[in-house]
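In case you want the letters, here they are:
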Amino acid sequence: WQTTHLSTRKNIFGFMVYFFGGGLENHAQNQLTKIETQVAEDAIKQYHIAKNNGSSMDAYIQAGLVTAAYLQANDEENYKKWKVIENQEAKNVGL
């Protein structure tokens, strides 16, 4: 009984250290980063579909959505890259 009780105390203590030590916040931030990355990757796939099958305007709009996804993710390097692509697509539609 005492061994089980001690084990339960260790588990509770471990959870408290994780919870109050920032582990929960770190876990939540990691999950958010994964989601933001997935959103950007999905937007890129949609851009390629639009580029290959849609109009120039479709490609321009989708490039803008990729740019916005990277901005939301605070990914400056990819934001800059896709801003160039977005501007090129804007030229393709005469903007």
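Anything mentioned here points back to the structure above.
Source: prediction; values computed, not measured.

As a further point, take the overall build of the protein chain. The helix and strand tally for the protein chain stands at four helices and zero strands. For the protein chain, buried positions account for 21% of its 95 residues. The long-range fraction of contacts in the protein chain, counting pairs at least 24 apart against all pairs at least 6 apart in sequence, stands at 44%. Of the accessible surface of the protein chain, which amounts to about 7,200 Å², a share of 58% is contributed by carbon and sulfur atoms.

Below, the discussion takes up the packing of aromatic side chains. Scanning the entire structure with this criterion turns up one aromatic pair. A centroid spacing of 5.0 Å and a plane angle of 85° characterise the contact between Tyr-47 and Trp-82, whose relative ring orientation is edge-to-face. Within this pair, whereas Tyr-47 is found in helix H2 (residues 23-53), its partner Trp-82 is found in helix H4 (residues 76-92), the two being separated by 35 residues in sequence. For Trp-82, a relative accessible area of 5% translates into the label buried.

To continue, consider unusual backbone geometry. The phi angle at Asn-74 is positive, at roughly 60°, despite the residue not being glycine. Within the element layout of this structure, Asn-74 appears in the loop between helix H3 (56-72) and H4. A relative accessible area of 70% places Asn-74 in the exposed class.

Criteria and thresholds
Residues numbered from 1 in each chain as written. Predicted model: local features only at pLDDT ≥ 70, side-chain atom pairs only at ≥ 80, totals over all residues. Heavy atoms only, no water. Helix = DSSP H or I, 4+ residues; strand = E, 2+ residues; numbered from the N terminus. Buried < 20%, exposed > 50% of the residue type's maximum accessible area, 1.4 Å probe, protein only. Contact = heavy atoms within 4.5 Å. Areas by Shrake-Rupley, 256 points an atom, 1.4 Å probe, with all protein chains shown as cover. Phe/Tyr/Trp six-rings, centres within 6.5 Å; stacked < 30°, edge-to-face > 60°.

Keep in mind that these numbers describe shape and distance, not what the molecule does.
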